[in-house]
Structure formats: C-alpha cells, structure tokens
Amino acid sequence: MSEVGCLAGDRDGIIGMRLIDDWDIQHLRIDRWHSSEGISMQQVSVKGSCLCGSVRFEIRPPVSGFRYCHCGRCRKATGSAHAANIFLPESQFRWLAGESLIKRFNLPGAKRFAVCFCTQCGSRVFHKTPTTENVLIPAGLLESDPGVRPDSNIFWGSRAEWCPETAEIPKFDEYPG
Ligand SMILES: [Zn+2]
Ligand SMILES: [Zn+2]
C-alpha cells in the first residue's frame, strides 16, 4: 500500500509526509474514530507506549492542548521538573495493548488529579480526566512527533527553585565528555 499521509506542523513548518503502511490503512477507518470526515482528511495516527512496551496506544491529532505543568503535584508524580501533558478528546485515543496492566491512583482531596501507571515498569501513562471529554497523555510516551509544540508553562509560579529556564543550562547530545 503506498498512499501518502500528511502530518501538519512539523519542526520546520513544512508539511511532513510519510508512507502509510497496511496497518494504518486497516486502522485509520472512519468508524473507528467516530468521525464524519472523509478518509482523505484523516491525520496519520501517532503511537505511544510505556517504558517496558506492554502498554501501547495510539492517538489521532489534532490535540486540544499541550502544556508543561510545574505544579508540586506534577513534580511528585513525574519525579521531574514538570509534567509535559497533551490533552485530546477520548474519541481520538485508542488502546492497542496492556489496558489490564494499568493501575490508577486518585489523589485524595483533589478534584481531578490522578496518576495512572504501568504496573510492570512504573511509567506514568495516560488517563481520562474527570469532568472533561479529554484524556491526558504524558508526551514522553509518544514514539513520533505529534506535530504540535507546548503552548504554555502552567503553575510557573510553583516551579521548583532548582528549575531555571532550560536555555540557561549547557546542552550535550549525550553524557558530557
Ligand atoms: Zn510498562
Ligand atoms: Zn500539575
């Protein structure tokens, strides 16, 4: 199969093109995505997985939002300076494997803060956000470019004292010499 699909908005502002393989053709079906668009309007799906690879899923852009969250809860939940969260409607999300391996922790007292994780490798994975139609996808799970960039840093005032603007930190492609 050699149809060409488009993924708009890549790094250079050029329309990225790639071949759609047989698997994509089988699965990018309009009924799967509850879409009324024609197949020619479909975006190429983006796959994601946890660290051990047992939990796998795919999403279909466009996404509703992409934020870095610097709140204290996200810091604890990720063990990092901030979360990198993509939001999109649940209808644009699809399981591929590992749903039964996921455990969910709802933070007591929080309206909607939760952590879902793979019980085999501990990677934080996506979850449905209560009171919205969206699922939250930790962006680090994605295996290719979703075609969007973070639109904001939220809870910036809560950021860790040790978290400067990344532009201020020296960069190395691998471990420094
Ligand atoms: Zn895993
Ligand atoms: Zn947060």
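Residues numbered from 1 in each chain as written. Chains lettered and ligands numbered in written order. Predicted model: local features only at pLDDT ≥ 70, side-chain atom pairs only at ≥ 80, totals over all residues.

## Some details on the environment of Ser 49
Basically, it comes down to this: Secondary structure is summarised from DSSP: a helix means a run of H or I of at least four residues, a strand means a run of E of at least two, and numbering begins at the N terminus for each. Think of it as a crowd count around each C-beta: if 20 or more other C-beta atoms lie within 10 Å the residue is buried, if 12 or fewer it is exposed, and in between it is partly exposed, with C-beta placed from the backbone throughout. Placing C-beta atoms from the backbone, we regard two residues as in contact once those atoms come within 7 Å.
Mapped onto the elements, Ser 49 comes out in strand E3 (residues 46–49). C-beta crowding within 10 Å serves as the criterion here: with 20 such atoms nearby, Ser 49 is assigned to the buried category. Each C-alpha atom, one on Ser 49 and one on Phe 126, is 9.9 Å from the other, the two residues being 77 residues apart in sequence. In contact with Ser 49, other than residues within four places in its own chain, are Val 55, Arg 56, Leu 141 and Glu 143.

## Notes on the pairing of E3
Basically, it comes down to this: Strands qualify as paired when DSSP identifies two bridges or more between them.
One ladder, built from four bridges, connects E3 with strand E4 (residues 56–59); its direction is antiparallel. Of the residues in E4, the one forming a bridge with Gly 48 is Phe 57. Following E3, the chain reverses through six residues before pairing antiparallel with E4; Gly 53 in that reversal takes a positive phi of roughly 85°.

## A short note on the sheet that holds E3
As a reminder, the rule being used: Axis lines are fitted to C-alpha atoms, over the contacting stretch for helices. Their N-to-C directions set the angle, which ranges from 0 to 180 degrees.
Across the sheet, three strands lie side by side as E3-E4-E7; this open sheet has antiparallel pairing. Whereas interior strands pair on both sides, the edge strands pair on one side only; in this sheet they are E3 and strand E7 (93–97). This sheet shows a mean twist of 25° between the axes of neighbouring strands, independent of strand direction.

## So, unusual backbone geometry
With an omega dihedral of 10°, the bond running from Pro 61 to Pro 62 counts as a cis peptide bond. Looking at the secondary structure, you find Pro 62 in the loop between E4 and strand E5 (65–69). Non-glycine residue Phe 155 carries a positive phi angle of around 55°. Within the secondary structure, Phe 155 sits in the segment after strand E13 (152–154).

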